[in-house]
Amino acid sequence: MAGLQELRFPEEKPLLRGQDATELENSDTFLLAVDTDWKEHDIETPYGLLHVVIRGSPKGNRPAILTYHDVGLNHKLCFNTFFNFEDMQEITKHFVVCHVDAPGQQVGASQFPQGYQFPSMEQLAAMLPSVVQHFGFKYVIGIGVGAGAYVLAKFALIFPDLVEGLVLINIDPNGKGWIDWAATKLSSLTSTLPDTVLSHLFRQEELVSNTELVQSYRQQIGNVVNQANLQLFWNMYNSRRDLDINRPGTVPNAKTLRCPVMLVVGDNAPAEEGVVPVPETAPILQVECNSKLDPTTTTFLKMADSGGLPQVTQPGKLTEAFKYFLQGMGYMPSASMTRLARSRTSSLTSASSVDGSRPQACTHSDSSEGLGQVNHTMEVSC
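No experiment lies behind these values; they were computed from the predicted model shown. (Residues numbered from 1 in each chain as written. Predicted model: local features only at pLDDT ≥ 70, side-chain atom pairs only at ≥ 80, totals over all residues. Heavy atoms only, no water.)

## Here we look at the packing of aromatic side chains
Short version of the rule: In summary, the pairing rule links any two rings of Phe, Tyr or Trp, Trp by its six-membered ring, whose centres are within 6.5 Å, and it sorts them by plane angle into stacked for under 30 degrees, edge-to-face for over 60 and tilted for everything else. Three labels apply to residues, based on accessible area from a 1.4 Å probe with only protein chains included: buried if under 20% of the type maximum, exposed if over 50%, partly exposed otherwise in between. Strands here mean DSSP runs of E at least two residues long; helices mean DSSP runs of H or I at least four residues long; both are numbered from the N terminus. Think of it as a cone above the ring: NZ of Lys or CZ of Arg counts as a charge over the ring if it is within 6 Å of the ring centre and within 35 degrees of the ring normal.
If you walk through the whole model with that rule in mind, you get 10 aromatic pairs. Consider the rings of F112 and Y116, whose centres lie 3.9 Å apart with planes at 10°: the pair is stacked. What makes Y116 partly exposed here is its relative accessible area of 26%. Their ring planes at 65° and their centres at 5.9 Å tell us that F202 and Y217 sit as a pair that is edge-to-face. With F202 in the loop between α7 (193–201) and α8 (204–209) and Y217 in helix α9 (residues 211–223), this pair connects stretches of sequence that are 15 residues apart. As far as burial versus exposure is concerned, F202 and Y217 are alike and both buried. Through pairs of rings, three or more aromatic residues link up here, namely F112, Y116, F118 and F233. Lying across the ring of F95, R62 places its NZ or CZ 5.8 Å from the centre. Seen from the ring of Y237, R240 lies directly overhead, with NZ or CZ sitting 4.0 Å from the centre.

And the structure:
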């Protein structure tokens, strides 16, 4: 990454657009949304039912935007702020949007019966082709956070022809070691489940300083998500294996993500050691994941003034980045280039002067907008 300039832009740090901190105490903060156009579905898969919420219908050859939330959340708690953000409407009017809830994590979910075997992370990924087939999608652009990012990465590895692009936010590509497992086990004995999950979602500094946001999420996790079902998802996420990816050419028969990828990490993202704070762990994990992906199709976005949920605390910045990611894939060419995009272009110019030109990365798009792309592995602190 030598020669790449790091750019920082000062900006206020809104918790939620148009809301002050006191509004976060309202239990409906993240659940109230303009849901009139959303339709709910329960879809049969090889590993049980999936609750899916969809808006719009497939638009020609364009992919669907498919989201997967982090553990402890559901699609509303994880993505409402982001998808209700004003500037996101310019994007969503061009795509059908499909939110997937992990089994038993949706609002009002019934508790699983005793003895129920929660799907493994690989099985959660293997449930998604049923969603794609049910709605007639040709392929998807995935947006995943934390555990959801891991599931979507697995999905793209197993079913590469169904995925045109990925936005992976705060992904941890590594399985838990014995020390991590012991720390998580100890946390479960000394803390409530919502507090244990909060230490996964937020860094220690955020837990102390951003009290309104944290308290709102503590209340929502405890009251909205079925606790027994959440415990099963939490246990399965913590028993995940390493994401089996390697940069092409580094090992024989290397497996990697074949689609364009935007890795997103908040510079204050939580460490992935549960209650054991290691300040630089999350950014390091992102760099490690970045180092295993194809540099010609990967963008590494480090978001300043952001923690474990950048789509909640910095929806404007993430919207800008996502818009430019889509433009790089050949979609929305007429959309206005934002400040972040202009800054990224400047950084790409710097990168090109050092690394030379990159080959184009092919996408699945065969629409009139599919223009191909040139992506660079880079870091932009915005």
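## Considerations on the pattern of salt bridges
Put simply, the test is: Every case where a carboxyl oxygen of Asp or Glu lies within 4 Å of a side-chain nitrogen of Lys or Arg is listed as a salt bridge.
A full pass over the atoms with the stated rule returns six salt bridges. Its salt-bridge partner being K323, residue E90 comes within 2.9 Å of it at the nearest N-O pair. Separated by 233 residues along the polypeptide, E90 in helix α2 (residues 89–92) and K323 in helix α13 (residues 315–328) bring together distant segments of the chain. On the basis of relative accessibility, which here comes to 5%, the residue K323 falls in the buried class.

## Some details on unusual backbone geometry
Of note, N170 is a non-glycine position whose phi angle comes to about 50°, a positive value. Assignment of secondary structure puts N170 in the loop between β6 (163–169) and α6 (178–190). N170 gets classed as buried once you look at its relative accessible area, which sits at 8%. Unusually for a residue other than glycine, M332 sits at a positive phi of about 50°. As for its position among the elements, M332 is in the loop between α13 and α14 (339–355).

## Observations regarding α9
Selection criterion: A helix is expected to span 1.5 Å for every residue after the first. What the arc covers is the set of directions going from the helix axis to the C-beta atoms. Two residues form a contact once any of their heavy atoms are found within 4.5 Å.
Under the 1.5 Å per step criterion, the end-to-end length of α9 is 18 Å for 13 residues, consistent within 8% with the ideal 18 Å. Within α9, the full set of buried residues consists of L213, V214, S216, Y217, Q220 and I221. Down the axis of α9, the buried side of the element spans an arc of 160°, and every buried residue falls inside it. Buried residues belonging to α9 abut α1 (75–83), α7, α8, α10 (227–238) and α12 (310–313).

## Topic: the pairing of strand β7 (residues 261–266)
Operational definition: Between any two strands, pairing holds if DSSP finds at least two bridges.
Of all six residues making up β7, six are buried, and the element is well covered by its neighbours. On β7, burial covers both faces: V261, L263 and V265 on one face and M262, V264 and G266 on the other are all buried. Sheet topology note: the β6/β7 ladder contains four bridges and is parallel. Paired with L168 across the two strands is L263, which belongs to β7. Taken together, the six bridges between β7 and strand β8 (residues 298–303) define a ladder with parallel strand orientation. Among the inter-strand pairings, V261 is bridged to a residue of β8, identified as T298.

## Some details on the pairing of strand β1 (residues 38–45)
Bridge count for β1 against strand β2 (residues 48–55) is eight bridges, and the pairing is antiparallel. Directly across from D42, in β2, lies its bridge partner H51. Where β1 hands over to β2, the hairpin turn is made up of two residues, counted between the paired strands.

## Some remarks on the side chain of H99
Rules: What qualifies as a polar contact is a pair of N or O atoms within 3.5 Å, subject to a donor-acceptor requirement within protein and to the restriction that residues adjacent in sequence count only when both atoms come from side chains.
When you line up the elements, H99 lands in strand β4 (residues 97–101). At 2.6 Å, the side chain of H99 and the side chain of T67 are in polar contact.

## A word on the environment of A147
Mapped onto the elements, A147 comes out in helix α5 (residues 147–158). Judged by relative accessible area, A147 falls into the buried class, the value being 0%. Considered as a pair, A147 and I169 are 22 residues apart in the sequence and their alpha carbons are 9.5 Å apart. Setting aside its immediate chain neighbours within four residues, A147 contacts H69, D70, V71, M121, F233 and Y237.

## Considerations on the confidence of the model for the chain
For clarity, the threshold we go by: The pLDDT value expresses, per residue, how confident the predictor is, ranging between 0 and 100.
Residues of the chain with pLDDT of at least 70 account for 67%, and the chain-wide mean is 77. Segment residues 341–380: pLDDT under 50, and 101 contacts once partners within four positions in sequence are set aside and those in other chains are kept.

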